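Structural features, examined
One-letter residues, chain by chain:
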There are 2 protein chains.
Amino acid sequence: MTDDLRSAGAPTLEDVARAAGVSRATVSRVINGVRNVDPAIQEVVRQAVSVTGYAPNRAARSLVTRRADAVALVVSGAGVEAGADREGSGSRSAGDQGSFTAQVFADPFFGRVVTGVVNYLRPRGMHPVLMFAETSRARDEVVAYLRQGSADGALIVSTHAEDPLPGLLTEAGLAAVLFARPARPVPISYVDLAHQDGARLAAEHLLARDCRRIATISGPLDVPAGQARLAGFRDTMARHGHPYTPIAEGQFTQESGEAAMERLLAAHPDLDGVFAANDLMGMGACHVLREHGRRVPEDVAVVGFDDSSAALACRPPLTTVRQPVEEMAAEMTRLLLDRLARPTSPATSVIFEPELVVRGSA
Amino acid sequence: MTDDLRSAGAPTLEDVARAAGVSRATVSRVINGVRNVDPAIQEVVRQAVSVTGYAPNRAARSLVTRRADAVALVVSGAGVEAGADREGSGSRSAGDQGSFTAQVFADPFFGRVVTGVVNYLRPRGMHPVLMFAETSRARDEVVAYLRQGSADGALIVSTHAEDPLPGLLTEAGLAAVLFARPARPVPISYVDLAHQDGARLAAEHLLARDCRRIATISGPLDVPAGQARLAGFRDTMARHGHPYTPIAEGQFTQESGEAAMERLLAAHPDLDGVFAANDLMGMGACHVLREHGRRVPEDVAVVGFDDSSAALACRPPLTTVRQPVEEMAAEMTRLLLDRLARPTSPATSVIFEPELVVRGSA
DNA sequence: ATGAAAGCGCTAACAT
DNA sequence: ATGTTAGCGCTTTCAT
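In this report, the structure presented in the accompanying data block is examined. These numbers come from a predicted model, not from an experiment.

**Observations regarding the overall build of chain A**
A tally of helices and strands in chain A yields 14 helices and 12 strands. Split into buried and exposed, the 362 residues of chain A put 58% on the buried side. Once local pairs closer than 6 in sequence are excluded, the contacts in chain A between residues at least 24 apart make up 73%.

What follows is the structure in structure tokens.
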């Protein structure tokens, strides 16, 4: 009805201005909530906006504001293959095309990160662009993407220890925040968990249950989280008079947890407690224990780590150390937006405290 | 070194042009791979690009090309709460903040979708922007986002049957493709699985194993996929001389699968086969069966659906019907890009055939 | 408080 | 084959 002679493209500021009988600048002010606009005119403009069905063109706005209102959410790895994704599902389903992305996203962990990120971003009118950076080439694309101004900064979830991406980003002067401390020190903000404290919680719980022959299935030892969880566990055991505890290294996958449990059981048939460095491996351990006729928790108590969905899927449900992934992801996002607002602010780190969640397995 | 008097902002086309001693247009041509540029000059330009460290500004480009080179990947639902996510994990971990997003992304299903989408998009220089649309307000934001030109089209994964988003999008003349057929017919492209065929495969497998007292744990019956899987199962059973089969409705969560299995077992203690409409429920069923002293598959055979990571996490690993989620997601993406290339092309649907995957449970 | 006008960096006619 | 030029739609001084 109120359509003019235009037929083509979406309405522009110009159209709204004409309809409202004011200038583009005024419309712009109203839309961006800048004060100093007569309330009456504001109303007229708002009318015109809804009549014309106007929606501001984001590219045009970005061109002048130099902000994309988007951040890259990057899942990053060090190499091409090397199955050791952060908390890989260990899945070999047909859907698992052997690709990095397939492995990574099969894990509920990333879903939790996404949740935390989106929940923080959304009320602020920003959105995450998903990117993978598992090859050198893909990493360059991430850098290019940011340099093009397609995203204002990057949130990085690394699956490998020696990930070069954080270094590349800081070198290029791009804003980025990590989930988990980088293996080599990089002047960059990150959030992380007090892994050692978590492992201590697990060890103490096992000890308090009167387990005396406790073993651990560690995570990959080239990953900081894997190292820290093991260190925390060992320290606590030592402090309680157990200088030696059997250890089998896993890769954070269910499969590797099963294999590790088999080894442990073969070498120490009498063990009565197991600390698995994540839930997936804890679940695998439970399976193996049951196959060997051990009851959980009566014969062998099992404690996991993360409080992922695997902990609840397991029978019995896993007693585990909760990692508040969603909150950590939200905080990581907050750190990034802070940095964007104040580009000169120094890098910081925020460490979260884990929490023991007691369920049926220990 | 080759820096001029500029100190501020990123290098622009103008800078490169000056460095190469040519015009902006020529540089643009080289960068966009347009022919008709002297190879020698191309080389000079390329040099200039790398010397200046030039990266094209995406906003400026989008402004003129009217393309964002991004698509919205929307996880959509019908209402605010109503826990019935598509294939909810049934998790109640502390990480599960009760939020829609938390529930949705706890499920490996979405990870598989993301994988398929990214793998198709990436080689084409495009990226997915993650959005949730679980409330009326969030849906409006998705529509606005697209109208602003922030994304060129939308990929929609609905968690509910009566999702209004597809309708909103088509009304607004925006390009969109769905994963799974909409509950009410909407002139929009989608990919889907031949759910009935999948259920048939499951039923025939159970029958071929000489199961005679077969029950099913269905999905939510207000979801097309839930209906179709049940219908396919029943038809096949009937065709094989089983006019009646016990059914318990589940919600695609592990928990609901457990509850359904309890009911089934109470009413039909002698059953010897179960078809669960998804793996999560199948896993729950296995747990309950074992608790009731039934061996799987010796006493009761169980077949799941999806071939999700849950199928492999289960003990015994689930025999299941594989849904090629990654390929379906890639095809969905292809349909969208097709549509963007040819906006007038009619809506189409692509239906994928499921496949039986035999493992330990049946 | 409002308007006029100058770009933001790029692509795409059009001209040569 | 290359250069010139005119915008794309918006924000933002700078006048008024």
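**Quick word on the protein's contact with DNA strand C**
Near DNA strand C there are 28 residues, and of these Arg29, Asp38 and Ile41 of chain A together with Leu13 and Tyr54 of chain B occur at the shortest range. Backbone atoms, meaning sugar and phosphate, form 66% of the atoms of DNA strand C found within 4 Å of the protein. Between DNA strand C and Arg24 of chain A there is a distance of 3.2 Å, counted from a base nitrogen to a side-chain nitrogen or oxygen. At the level of elements, helix H2 (24-31) and helix H4 (58-65) of chain A together with helix H2 (24-31) and helix H4 (58-65) of chain B are the ones that each hand at least two residues to the surface near DNA strand C. Examining the composition of the surface near DNA strand C, we find that five residues originate from one element, H4 of chain B, more than from any other.

**Regarding the pattern of salt bridges**
Charged atoms that come close allow side chains of opposite charge to pair. Residue and element names in this part refer to chain A. The full count for this structure, using the stated rule, is 42 salt bridges over all chains. The residue Asp270 makes a salt bridge to Arg213 at a minimum N-O spacing of 3.4 Å. With Asp270 in the loop between helix H11 (254-267) and strand E8 (273-276) and Arg213 in the loop between helix H9 (195-208) and strand E6 (214-218), this pair connects stretches of sequence that are 57 residues apart. One salt bridge in this structure joins Arg334 and Asp338, with 3.5 Å as the shortest N-O distance. Of this pair, Arg334 and Asp338 both sit in helix H14 (residues 325-341), four residues apart, which is roughly one turn of that helix. Taken together, the shared-partner salt bridges connect Arg58, Arg67, Asp69 and Asp152 into one network.

**A few points about the sheet that holds strand E9 (residues 301-303) of chain B**
Residues and elements named next belong to chain B. Pairing is parallel across the open sheet formed by four strands, whose spatial order is E7-E6-E8-E9. Where the open sheet ends on each side, the last strands, each with one partner, are strand E7 (247-249) and E9. Pairs of neighbouring strands in the sheet enclose a mean axial angle of 15°, with direction left out of account. Inspection of the sheet shows strand E6 (residues 214-218) paired to strand E8 (residues 273-276) by four bridges, in the parallel sense.

Conventions adopted
Residues numbered from 1 in each chain as written. Chains lettered and ligands numbered in written order. Predicted model: local features only at pLDDT ≥ 70, side-chain atom pairs only at ≥ 80, totals over all residues. Heavy atoms only, no water. Helix = DSSP H or I, 4+ residues; strand = E, 2+ residues; numbered from the N terminus. Buried < 20%, exposed > 50% of the residue type's maximum accessible area, 1.4 Å probe, protein only. Contact = heavy atoms within 4.5 Å. Near = heavy atom within 4 Å. Polar contact = N/O pair within 3.5 Å; in protein donor to acceptor, adjacent residues only side chain to side chain. Salt bridge = Lys/Arg side-chain N within 4 Å of Asp/Glu carboxyl O. Pairing = 2+ DSSP bridges. Axes fitted to C-alpha atoms, helices over the stretch in contact; angles between N-to-C directions.

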